[in-house]
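# Observations on chain architecture
The lines below spell out each chain.
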Amino acid sequence: RAKQDGRNIHRFFETAMDAQIQQRREMELDLRTAFAAEQFHLHYQPLYGLGQGQVECFEALIRWQHPERGNIPPGDFIPVAEETGLISAIGSWVLKQACREASSWPSDVRVAVNISPVQFRTRTLVLDVLAALGTSGLPASRLEIEITEGVLLQDTEATLTILEELRSLGVRIVMDDFGTGYSSLSYLQKFRFDKVKIDRAFVQNIHEGEDKRAVVRAVTSLCASLGIQTTAEGVETAAQLEALRREGCSQVQGFFIGRPMQAADVLQLLDSCDRPQEEISGMPVRIP
Ligand code: C2E
Ligand code: MG
Ligand code: MG
Ligand code: MG
């Protein structure tokens, strides 16, 4: 009897695992054709500078329009692309596309591109960046590279060399999702980042009181003393925005400021928010 139950449980897990493996295989196949069929495009989310009172940058966020399954979020397919190695081709496309689209924006507006740790391992990143800048004509100073703490976990010497090479081109290097990793603070010593993005987890409750503010306050003041800019991620309310302003954050990003939008809407947004606009303090560039 017990043996029988055990067998059934075993079979249950096998079936569940088969289904999962099957799903992953399907997604891998779909990803390969998606790339050829041009089902990827980029959305852009504004980063608003609290000092100048204007949009200073847009973060490029990849979107996959699947013919049957609709929009698949990057959180679902980037890990599969990383495991299969497809991220190299996708990542180099993202760089090219983002630089090309940003080259038609005003010259004081930057573009930020997310880079996977896997792109560091394959060693083509610097060449990809050079190619993207070269073909688009975008000045290196208008490109920001966003990396997560995972990048600095692996093969650190080689990684630091690549970061230094990118830096020497004039590209800005940004630490994304700061505070969520294993030993976040130590990374600030390993490399001199131009900017740190404080994870949404620390921004969410910032308006609720002194102790919730403590982490953001500590990070902004530490970064300020190191000469590093700070961006608060995931700003969703006016109360959060005001608290972040008081804490001396350099930039804010989030649904309250502006949602990720199609490339075609970027120029319209920049025109309509009539920069600079210090007198508007509540809702900087919010789009209806
Ligand atoms: P991320 O780089 O931290 O990007 C910010 C994510 O937070 C985006 O999700 C954005 O839509 C979302 N977000 C922005 N403001 C708010 C807000 O106020 N509230 C909430 N709840 N969310 C907000 P998205 O576009 O789904 O991207 C998720 C992650 O996928 C990104 O996190 C990034 O790690 C990765 N990703 C996106 N595009 C690329 C890419 O081209 N290459 C690589 N390697 N990774 C990418
Ligand atoms: Mg990012
Ligand atoms: Mg982030
Ligand atoms: Mg994130």
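The rules we used
- Throughout this description, residue numbers start from 1 for each chain and increase along the sequence as written.
- By the order in which they are written, chains take letters starting at A while ligands take numbers starting at 1.
- Where totals are concerned, whole chains, interfaces and linings use all residues; where local detail is concerned, this predicted model gives features only for residues with pLDDT of at least 70, and gives and counts side-chain atom pairs only at 80 or more.
- Heavy atoms throughout the structure, all of them, feed into the side-chain values; hydrogens and water do not.
- Burial here depends on accessible area, computed with a 1.4 Å probe over protein chains only, as a share of the maximum for the residue type. Under 20% is buried, over 50% is exposed, and the range in between is partly exposed.
- Secondary structure elements follow DSSP: runs of H or I of four or more residues count as helices, runs of E of two or more count as strands, with numbering from the N terminus.
- Strands were regarded as paired on the criterion that DSSP finds at least two bridges between them.
- Metal donors: N, O and S atoms at distances within 2.8 Å, or within 3.2 Å for Na, K and Ca, with water omitted from the atom set so that some sites may seem incomplete.
- To get an axis, a line is fitted to the C-alpha atoms, and for a helix only the part in contact is used. The angle between two axes follows their N-to-C directions and goes from 0 to 180 degrees.
- Orientation labels follow simple angle bins: below 35 degrees gives roughly parallel, above 145 gives roughly antiparallel, 65 to 115 gives roughly perpendicular, and whatever is left gives oblique.
- By definition, any crossing whose near helix is turned counterclockwise from its far helix by less than a right angle is left-handed, and any crossing with a clockwise turn is right-handed.
- Two residues form a contact once any of their heavy atoms are found within 4.5 Å.
- Three residue categories are used. Nonpolar comprises Ala, Val, Leu, Ile, Met, Phe, Trp, Tyr, Cys and Pro, charged comprises Asp, Glu, Lys and Arg, and polar comprises the others, including Gly.

As recorded by an unreviewed UniProt entry, the protein carries the name EAL domain-containing protein and is attributed to Pannonibacter anstelovis.

### Quick notes on the pairing of strand 2 (residues 54–66)
Burial of strand 2 is extensive: 12 of the 13 residues sit out of reach of the surface. In this antiparallel pair of consecutive strands, strand 1 (residues 40–49) and strand 2, the connection spans 4 residues, and Gly-53 shows a positive phi of 70°. Here 4 bridges tie strand 2 to strand 4 (residues 110–114), and the two strands are oriented parallel to one another. Bridging from a neighbouring strand, Glu-59 pairs with Ala-112 of strand 4. Bridge analysis of strand 2 against strand 3 (residues 70–72) gives 3 bridges, and the strand direction is antiparallel. Its bridge partner lying in strand 3, Trp-64 is registered against Ile-72. Connecting strand 2 to the next strand, strand 3, in antiparallel fashion are 3 residues.

### Topic: the coordination of the magnesium ion (ligand 2)
Taken together, the protein ligands of the magnesium ion (ligand 2) are Glu-59 (OE), Asn-114 (OD1), Glu-146 (OE) and Asp-176 (OD), with distances of 2.0 to 2.2 Å. Sequence positions of the donors to the magnesium ion (ligand 2) reduce to the motif E-x54-N-x31-E-x29-D. Here Asn-114 falls in the partly exposed class, since its relative accessible area comes to 30%.

### Considerations on the packing of helix 5 (residues 125–136) against helix 7 (residues 156–169)
Between helix 5 and helix 7, whose axes approach to 10 Å, the crossing angle comes to 20°. For the element pair helix 5 / helix 7, the angle class is roughly parallel. Note that helix 5 runs across helix 7; the crossing there is right-handed. Every residue of helix 7 that contacts helix 5 at Leu-125, Val-126, Val-129 and Leu-130 is listed here: Ile-162, Glu-165, Leu-166 and Leu-169. The residue makeup of the contact of helix 5 with helix 7, split by class, is 7 nonpolar, no polar and 1 charged.

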